[in-house]
Structures are given as structure tokens and as C-alpha cells.
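Here are the chains, one letter per residue:
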Amino acid sequence: MFNESIKGLAIKNNGIYIDATFGRGGHTQGILDQLGDDGKVIAFDQDITAIDYAQQYFNDARLEVIHSPFANMRTILSKKNQLGKINGILMDLGVSSPQLDNAERGFSFNAEGPLDMRMDQTVGISASEWLATTNETEIANVIYQFGEERRSRHIASAIKQFQAETPLETTLQLANIVASVVKTKKNKHPATRTFQAIRIFINQELEQLSDTLEQTLDILAPKGRLSIITFHSIEDRIVKQFIQKKSKQRQLPKGLPIMNNETEKMPLKDLGKSFASTKEIDNSRRSRSAILRIAEKTLIC
Ligand SMILES: C[S@@+](CC[C@H](N)C(=O)[O-])C[C@H]1O[C@@H](n2cnc3c(N)ncnc32)[C@H](O)[C@@H]1O
């Protein structure tokens, strides 16, 4: 999937590419490796530890790293006079392994840490603060909507019962509350969906994604590529529907006398999707649900 996602960008020697989700820069490096001296990568990450990492370990004049949610992309590129000039945008969505592995960040239901879950700890409120200030119905709605968790109401009720006695402040407290009302499934921790839902909500991941997808049409140059890896079905649905909406002509009734130049011109061409290979899944269980989608901006706008 790594190789396919880079290949999907159809990298031009002197092109300008965006890595919207720098992480630890694996994809950025993959792009840099294929660029010539005049090429450029502009990388975004909203997690300051990713930016620190880039500054420490990436010493390449062709790379610019920006600490920002990717939803600010159009504004930032407009100030740089780069709208319509970007040859490809890569998004490798979700949390990074370092974020998951550092218990202090609060993303993991396997390790004790503060229940934070913010990718950008300089803004917003932590998961713990949100759970303390939100009513049961709203918590249940978030867990249902962003985690597709059928036991959402039971979980929200158990959270409120716990909070009536003790402040809910750590990852394992939450994991244990969920485990008390959700059955353990083979190979899946009972709190997987709940943690996913709260993380998506706290970081406004879906709003950011939808908003940024719309922006990409102003950002990409003609024939510029989108290469997007998602890790769960809710995210993938958003990417899939966006590409379909921007690439599929509406069906007109058969037999209408329509000239060629009157057919609807679509801004994107759908170049398909792919899944992780069995080898990749063996190496990383997380890639089980990964889907890569590629699209190309057409010449018409
Ligand atoms: C799956 S990791 C990317 C890993 C990266 N491709 C690599 O090779 O190391 C996702 C990264 O994107 C960042 N991220 C997620 N959503 C973001 C957003 N809306 N804006 C900016 N960065 C975001 C996370 O902080 C995380 O570092």
C-alpha cells in the first residue's frame, strides 16, 4: 500500500507534492526519493511532535513542513500563490504508530495514560474533559455515529455511572468501563470502536476530511493526483462518495439529442482503489482495513 500510494501520485521529476499527514515522514521520504532537485514537498501535520521530528531528522531543502490541520491547506497555499499548481496530494489518515504507542497521548486502550486523544494538544479539549462535560445522550450518539457501536447507549450510561463516583481520567478506566458492557470479540478489544469514535469526534476528523477534499479541486494542477489511504469504513465512505460525485456524470434519459460538447464535464477521474496485501496485513494488523483510493484532476477546470 505504501508503494501503491506513492505510485498513485505519478510523480513528476520537478513536481510539487503535498503530504497532508507527515507523521514520521515515511511517505514524504518516498516522494522525495522520486523527485529531482527542482521538485518540492509541502508536508502538513497538526501534531507538533511530528513537526519536531521532521526538523530533527529531515534535512532536505526540497521539503517544507507546516504545523497545521490539513483543512487549512487552501488558505495556506493561496498565500504562497500555489493554488492550481500542486501535482499531487497524499493523505494517510488516522493516528500514527508513535501517537498510538505513546501512552501519554491517550489513544491506546491497552496502556494506562491520561485520556487525552488530541492530535494537536495545543488546541481544543481532551477526551476526558469532553466526557466530563457532556450528557449521556450526546456521548451515546458520538459512540454510535463515529464508532458504529451498537452498545453505545449502554456504554454512555456506564460512563455516567462511573463518573458519579470517580472522575474518568485515564485510558484504562475507559477501556474497563466499555469492557464491562461490551462482549469481547475474537481479535478485537471491546473498546476498539468506542476509542475510535471519541478520537474521531475530539479531532473533528470527518469534518476536516470532507472540507479538505472539496479544497483539493482548487489546489491540484490539471492531471494532479489524489492518493488517499483510509483506515475505517466511515472515512472511506466519505472519500469514495467525494470521488464518485466529482467523477461520475449524471445519467440522462436515453435518446436525448446531446452534442459531445454539451455533456457534463467532471473535475475528477476515478482511478480506482486497492487493499493491503496479505504480506502487509501480516506485518501490520492495522492495515487489515486500509483502503487506497486514487483520482486524477481532469483538464477542464
Ligand atoms: C497515519 S499517520 C501518517 C504516517 C505517515 N504517512 C508516515 O509515513 O509516517 C497520520 C498523521 O497525520 C496527522 N493528521 C491526522 N489528521 C490530521 C489533520 N486533520 N491535519 C493534519 N495532520 C493530521 C496525525 O497527527 C499523524 O501524524
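Per chain, residues are indexed from 1 in the order of the written sequence. For a predicted model such as this one, the threshold for reporting local features is a pLDDT of at least 70, and the threshold for listing and counting side-chain atom pairs is 80 or more; totals across whole chains, interfaces and linings nevertheless cover every residue. The basis for every side-chain value is the complete set of non-hydrogen atoms in the structure, without hydrogens or water.

### A short note on the packing of aromatic side chains
So, point 1. Note on aromatic contacts: the rings of Phe and Tyr and the six-membered ring of Trp form a pair at centre separations within 6.5 Å, being stacked when their planes are under 30 degrees apart, edge-to-face when over 60 apart, and tilted otherwise. Within this structure, the stated rule accounts for five aromatic pairs.
So, point 2. Measuring from ring centre to ring centre gives 5.5 Å for F109 and F195, while their planes differ by 85°; the resulting arrangement is edge-to-face. Highlighted residues: F109 in the loop between α5 (97–101) and α6 (127–133) and F195 in helix α10 (residues 192–202), separated in sequence by 86 residues. When sorted by exposure, F109 lands in the same class as F195, which is buried. Secondary structure counts use DSSP, requiring at least four H or I residues in a row for a helix and at least two E residues in a row for a strand, with both numbered from the N terminus. Note on exposure labels: buried denotes an accessible area under 20% of the residue type's maximum, exposed denotes more than 50%, and partly exposed covers the range between, all computed with a 1.4 Å probe on protein chains only.

### Considering the sheet that holds strand β5 (residues 220–230)
So, point 1. Strand order in the open sheet formed by seven strands is β3-β2-β1-β4-β5-β7-β6, with mixed pairing between adjacent strands. Each edge of the open sheet is held by one strand with a lone partner, namely β3 (63–67) and β6 (268–275). If you compare each strand with its neighbour and ignore which way they point, the axes differ by 15° on average.
So, point 2. Should DSSP find at least two bridges between two strands, the strands are taken to pair. Sheet topology places strand β2 (residues 40–45) next to β3; five bridges connect them, and they run parallel. Looking across to β3, one finds that I42 is bridged to E64.
So, point 3. Here a residue-residue contact requires only that any non-hydrogen atoms of the pair lie within 4.5 Å. Structural elements are reduced to axes, namely lines fitted to C-alpha atoms, with helices fitted over the stretch in contact, and the angle between N-to-C directions of any two is expressed from 0 to 180 degrees. Set on the sheet, helix α3 (residues 48–57) makes contact with β2 and β3; between it and β3 the angle comes to about 155°.
So, point 4. Its contacts with the sheet place helix α11 (residues 205–219) against β1 (16–19), β4 (86–92), β5, β6 and β7 (291–297), and it is angled at close to 155° to β5.

### Quick word on the nonpolar core
So, point 1. Counting 59 residues, the largest nonpolar core has I18, M73, I89, L131, I159 and L174 as the members making the most contacts within it.
So, point 2. Delimitation of the domains relies on an automatic or database domain assignment. Both domain 1 (2–97 + 209–297) and domain 2 (121–202) contribute no fewer than three residues apiece to this core.
So, point 3. Ignoring any residue separated from it by four or fewer positions in sequence, one finds I18 in contact with I42, F44, M73, L77, I86, G88, I89, L90 and I219.
So, point 4. Formed by 15 residues, the second largest nonpolar core is a distinct cluster that contains I6, F22, A50 and L63. Grouping buried Ala, Val, Leu, Ile, Met, Phe, Trp, Tyr and Cys residues that are joined through side-chain atoms within 4.5 Å yields what is termed a nonpolar core.

### Description of the domain arrangement of the chain
So, point 1. The domain boundaries assigned to the chain delineate domain 1 (2–97 + 209–297) and domain 2 (121–202).
So, point 2. Distance from the C-alpha centre of domain 1 to the C-alpha centre of domain 2: 31 Å.
So, point 3. Contact residues are listed per partner, giving eight residues for domain 1 and nine residues for domain 2.
So, point 4. The junction of domain 1 with domain 2 conceals about 600 Å² of combined surface from both sides, 51% of it contributed by carbon and sulfur atoms.
So, point 5. Throughout this description, the term salt bridge denotes a Lys or Arg side-chain nitrogen within 4 Å of a carboxyl oxygen of Asp or Glu. Our count for the domain 1 to domain 2 interface comes out at one salt bridge.
So, point 6. Residue E148 is joined to R237 by a salt bridge in which the shortest nitrogen-to-oxygen separation is 3.1 Å.
So, point 7. The definition of a polar contact used here is a pair of N or O atoms within 3.5 Å, where within protein one atom must be able to donate a hydrogen and the other to accept one, and adjacent residues in sequence count solely through side-chain atom pairs. Where domain 1 packs against domain 2, one counts two residue pairs in polar contact (both at pLDDT 80 or more).
So, point 8. Looking at the side of domain 1 that touches domain 2 element by element, the count peaks at three residues for helix α12 (residues 233–247). Here's the idea: put two parts together, see how much 1.4 Å probe accessible area each one loses, and the total over both is what we call buried area.

### Considerations on the packing of helix α7 (residues 136–147) against α10
So, point 1. Between α7 and α10, the least distance of the axes is 8 Å, while the angle of their chain directions is 100°. Between α7 and α10, the interaxial angle falls into the category roughly perpendicular. Residues V142, I143, F146 and G147 of α7 lie in contact with α10, whose contacting residues are R193, T194, Q196, A197, I200 and F201.
So, point 2. Three classes are used: nonpolar for Ala, Val, Leu, Ile, Met, Phe, Trp, Tyr, Cys and Pro, charged for Asp, Glu, Lys and Arg, and polar for all others, with Gly counted as polar. For the contact of α7 with α10, a count of residues per class yields six nonpolar, three polar and one charged. Any angle between 65 and 115 degrees counts as roughly perpendicular, while under 35 counts as roughly parallel, over 145 as roughly antiparallel, and the rest as oblique.

### Describing the site of the ligand
So, point 1. By convention in this text, a residue qualifies as near a molecule or strand provided that one of its non-hydrogen atoms is within 4 Å of it. The full set close to the ligand counts 23 residues, and H27, D45, F70, D92 and Q99 are the nearest of them.
So, point 2. Contact between the ligand and D92: a nitrogen atom at 2.8 Å from a side-chain N or O atom of the residue.
So, point 3. Between the ligand and the protein, one listed contact pairs an oxygen atom with a side-chain N or O atom of Q99 at 2.8 Å.
So, point 4. Burial of the ligand by the surrounding chains reaches 92%, relative to a free accessible area of 600 Å². Accessible surface area values rest on a Shrake-Rupley calculation with a 1.4 Å probe, where residue burial reflects the displayed protein chains alone.

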